[in-house]
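Here is what each chain is made of, one letter per residue.
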Amino acid sequence: MNILAVESSCDETAVAVVRDGRTVLSDAIASQIDMHTLYGGVVPEIASRKHLEAVCLMADQALSQAGISRGEIDAVACTYAPGLIGAVLVGVNFAKSVAWGLNVPLIPVHHIRGHIAANYITHPDLEPPFLCLCVSGGNTMIVNVRDYTDMALLGATRDDAAGECFDKVARVLGIGYPGGGPMDRLAAGGDPKKYPLPRSKVDGAPLDMSFSGLKTAALNLIHNAQQKGEELDLPSFAASFGQAVSDELVPRAVEAARMLGYGKVAAAGGVAANSRIRADLAAACAREGWQLYLPERKLCGDNGAMIGCQGYYEYLAGHQADLTLNGYAGREIGCNDWRAC
Ligand code: KG4
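Quick caveat, the model's predicted, so the values are computed rather than measured.

## A short note on the overall build of the chain
Here's step 1: When helices and strands are counted, the chain shows ten helices and ten strands.
Here's step 2: Taking 341 residues into account, the globule formula puts the C-alpha radius of gyration at 20 Å, and the chain, at 20 Å, falls close to it.
Here's step 3: Seen through its principal axes, the chain has C-alpha atoms that stretch 65 × 45 × 35 Å.
Here's step 4: Counting every position in the chain, which comprises 341 residues, the buried fraction comes to 56%.
Here's step 5: The long-range share in the chain, meaning contacts at least 24 apart out of those at least 6 apart in sequence, stands at 72%.
Here's step 6: Split by element, the accessible area of the chain, about 13800 Å² in all, is 51% carbon and sulfur.
Here's step 7: For the chain, the separation between the mean place of its 28 positive charges and that of its 37 negative charges on side chains is 3 Å.

Quick look at the structure:
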């Protein structure tokens, strides 16, 4: 079964062709990073307009790279939530038009379920159940993946997402947008214990996290150093910050994994590309005797292949939409009826 998959929830316009869930025939991506870099962050209205410009081109590219014709598309999948609403709507409406034009099923995919599915592409042996730490620019959550389309939220950030936190701190340091990658590279060789940064605790919700205090503390540290004319040891600052983010995420994921007892842990989302987090997860899983699954780095960020992969399992579960499908800025990960949650 060939699925044409469309992803447009933030600043990448991505269209892929995925066969039978796990074979990626093509994965075309148009990144808008150069445009948003001018503003130091994603400008939602610009993102929507850029998706409009790119989506047909990416679909043509995905088909030609896959070496198949339009008639060989069996279904169309798209991210319908969560994301920047104008951006999501471009992909949803494009997918609706293609599904209608080709007279094939339309499959709505939750963006974070898509990120989780990136693991199925990298690890053909991986099957649910497992625990997944989902960390991206807009979402930070710990998810019980009971089955391909049966998921429950165990913990989440109460405020900022981990990726957003990386991006804001990197912006103040002037090291580029999005900032997670540059912060990660800067941290190599730095001392992760040099700068004291806070770790959060949410009363009564041990698996919930908070990043706004860490973000403020990091920004204060930078500004105080600037005001005193002191030079920050940038690699050590980036390493200390990366360690603080990892300390928010990894111990909670471990606690959740112990609770579930699956013996299988995965990570997903753009921030799952982070070296410190990957290393800390690997060490924790080795200690506990669990199997760790990480998507290859190029599949951590937004892409169409992950939507095509998850779309296949949504299709098998009978989750289809009609042409009244809408896009949503927010939707629970456990939601299986796009109209109702
Ligand atoms: O998953 P993603 O591409 O988009 C969303 O769905 O949000 O994630 C983008 C986020 C950005 O905040 C970016 O700074 C972060 O992922 N990121 C990283 C790394 N690479 C990308 N954060 C930390 N370390 C990295 N190596």
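From this point on, the discussion continues.
## Some points on the packing of aromatic side chains
Here's step 1: According to the stated counting rule, one finds eight aromatic pairs in the structure shown.
Here's step 2: Each ring, one from Tyr148 and one from Tyr313, has its centre 3.9 Å from the other, and the planes form 5°; the classification is stacked. Placement of Tyr148 in the loop between β7 (140-147) and β8 (150-156) and of Tyr313 in helix α10 (residues 305-316) is noted, with a sequence separation of 165 residues between them. Each member of the pair Tyr148 and Tyr313 is classed as buried.
Here's step 3: Linked through ring pairs, Tyr120, Phe130, Tyr148, Tyr312 and Tyr313 together constitute an aromatic cluster.

## Description of the sheet that holds β8
Here's step 1: The strand order across the open sheet formed by five strands is β8-β7-β6-β9-β10, and the pairing between neighbours is mixed. Looking along the sheet, the strands with just one partner apiece sit at the ends: β8 and β10 (291-293). Averaged over neighbouring strand pairs, the angle between their axes works out to 25° when direction is ignored.
Here's step 2: Here strand β6 (residues 130-135) pairs with strand β9 (residues 264-268) via four bridges, running parallel. Within the sheet, the bridge partner assigned to Cys134 lies in β9 and is Ala268.

## With respect to the site of the ligand
Here's step 1: The environment of the ligand is made up of 21 residues, and the closest members are Gly137, Asp167, Gly180, Asp184 and Gly270.
Here's step 2: In the environment of the ligand, an oxygen atom lies 2.9 Å from a nitrogen or oxygen atom belonging to the backbone of Gly180.
Here's step 3: One nitrogen or oxygen atom from the side chain of Asn274 is found 3.1 Å from a nitrogen atom belonging to the ligand.
Here's step 4: Contact with the protein chains hides 86% of the accessible area of the ligand, taken as 550 Å² for the molecule alone.
Here's step 5: Contributing elements (two or more residues each) for the shell around the ligand: α4 (111-122), α5 (162-173) and α6 (180-187).

## Describing the environment of Asp11
Here's step 1: Here Asp11 is to be found in the loop between β1 (2-7) and β2 (12-19).
Here's step 2: For Asp11, a relative accessible area of 7% translates into the label buried.
Here's step 3: C-alpha separation for the pair Asp11 and His51, spaced 40 residues apart in sequence, amounts to 8.0 Å.
Here's step 4: Setting aside residues no more than four positions away along its own chain, Asp11 makes contact with Ala30, Ser31, Gln32, Ile33, His36, Val42, His51 and Tyr177.
Here's step 5: At 3.3 Å, the side chain of Asp11 and the side chain of Tyr177 are in polar contact.

## A word on the nonpolar core
Here's step 1: Formed by 49 residues in total, the largest nonpolar core has its most connected members in Val169, Phe237, Phe241, Val245 and Leu281.
Here's step 2: Secondary-structure elements contributing two or more residues to this core are β6, α5, α6, α7 (212-227), α8 (234-260), β9 and α9 (275-288).
Here's step 3: Ranked by residue count, the leading element in this core is α8, at twelve residues.
Here's step 4: Those residues in contact with Phe241, other than ones at most four positions away along the chain, are Cys165, Phe166, Val169, Met183, Leu197, Leu214 and Ala218.
Here's step 5: Core analysis: the next-biggest nonpolar cluster, separate from the first, contains 35 residues, Ala117, Ala118, Met151 and Tyr293 among them.

## With respect to helix α3 (residues 85-102)
Here's step 1: Compared with the 26 Å implied by 1.5 Å per residue over 18 residues, the 26 Å span of α3 between its first and last C-alpha is a close match.
Here's step 2: Along α3, the positions that sit buried rather than exposed are Ala87, Val88, Val90, Gly91, Val92, Phe94, Ala95, Lys96, Val98 and Ala99.
Here's step 3: Looking at the buried positions of α3, the neighbouring elements they touch are β1, α2 (44-66), β4 (75-81) and β5 (106-110).
Here's step 4: Trailing α3 by a residue or two, Asn103 shows a phi angle of about 60°, which is positive.

## Thoughts on the pattern of salt bridges
Here's step 1: Scanning the model with the defined rule gives 15 salt bridges in all.
Here's step 2: For Glu53, the salt bridge goes to Lys50, with nearest N and O atoms at 3.3 Å. Of the two residues, Glu53 and Lys50 are both situated in helix α2; the distance of three residues between them amounts to about one turn of the helix.
Here's step 3: Given the relative accessible area of 25%, Lys50 is considered partly exposed.
Here's step 4: Here Asp337 makes a salt bridge to Arg339, at a shortest N to O gap of 3.8 Å.
Here's step 5: Several salt bridges share partner residues, and in doing so they unite Asp322, Asp337 and Arg339 into one network.

How each quantity is defined
Within each chain, residue numbers correspond to sequence positions counted from 1 in written order. Residue-level local features of this predicted model are given only where pLDDT is at least 70; pairs of side-chain atoms are given and counted only at 80 or more, and the full residue set underlies all totals for whole chains, interfaces and linings. Here the side-chain values reflect all heavy atoms present in the structure, with hydrogen atoms and water set aside. Strands are runs of DSSP state E lasting at least two residues, helices are runs of H or I lasting at least four, and both sets are numbered from the N terminus onward. Each radius of gyration is computed over the set of C-alpha atoms, and the globule rule expresses the reference value as 2.2 Å times the number of residues to the power 0.38. Partly exposed residues are those whose accessible area sits between 20% and 50% of the maximum for their type, while under 20% is buried and over 50% is exposed, using a 1.4 Å probe and protein chains only. Residue contacts are defined here by distance: any two heavy atoms, one from each residue, within 4.5 Å place the two residues in contact. For every accessible area listed, the method is Shrake-Rupley and the probe measures 1.4 Å; residues are considered covered only by the protein chains on display. We treat Lys and Arg as the positive residues and Asp and Glu as the negative residues; His and chain ends play no part in the count. Just so you know, the charge point we use is NZ for Lys, CZ for Arg, CG for Asp and CD for Glu. A pair of Phe, Tyr and Trp rings is counted when the ring centres sit within 6.5 Å of each other, with Trp represented by its six-membered ring. The angle between the planes then sorts it: under 30 degrees is stacked, over 60 is edge-to-face, the rest tilted. Note on pairing: DSSP must find at least two bridges between two strands before they are called paired. The axes used here are C-alpha line fits, helices contributing only the stretch in contact, and every angle between their N-to-C directions lies in the interval 0 to 180 degrees. Any residue with a heavy atom lying within 4 Å of a molecule or strand is counted as near it. Two N or O atoms form a polar contact when they lie within 3.5 Å of each other; inside protein one atom must be a possible hydrogen donor and the other a possible acceptor, and for residues adjacent in sequence the pair counts only when both atoms belong to side chains. As used in this record, nonpolar core signifies buried Ala, Val, Leu, Ile, Met, Phe, Trp, Tyr and Cys residues forming a set joined through side-chain atoms within 4.5 Å. By this rule the span expected of a helix is its residue count minus one, scaled by 1.5 Å. We define a salt bridge as a contact between a side-chain nitrogen of Lys or Arg and a carboxyl oxygen of Asp or Glu at a distance within 4 Å.

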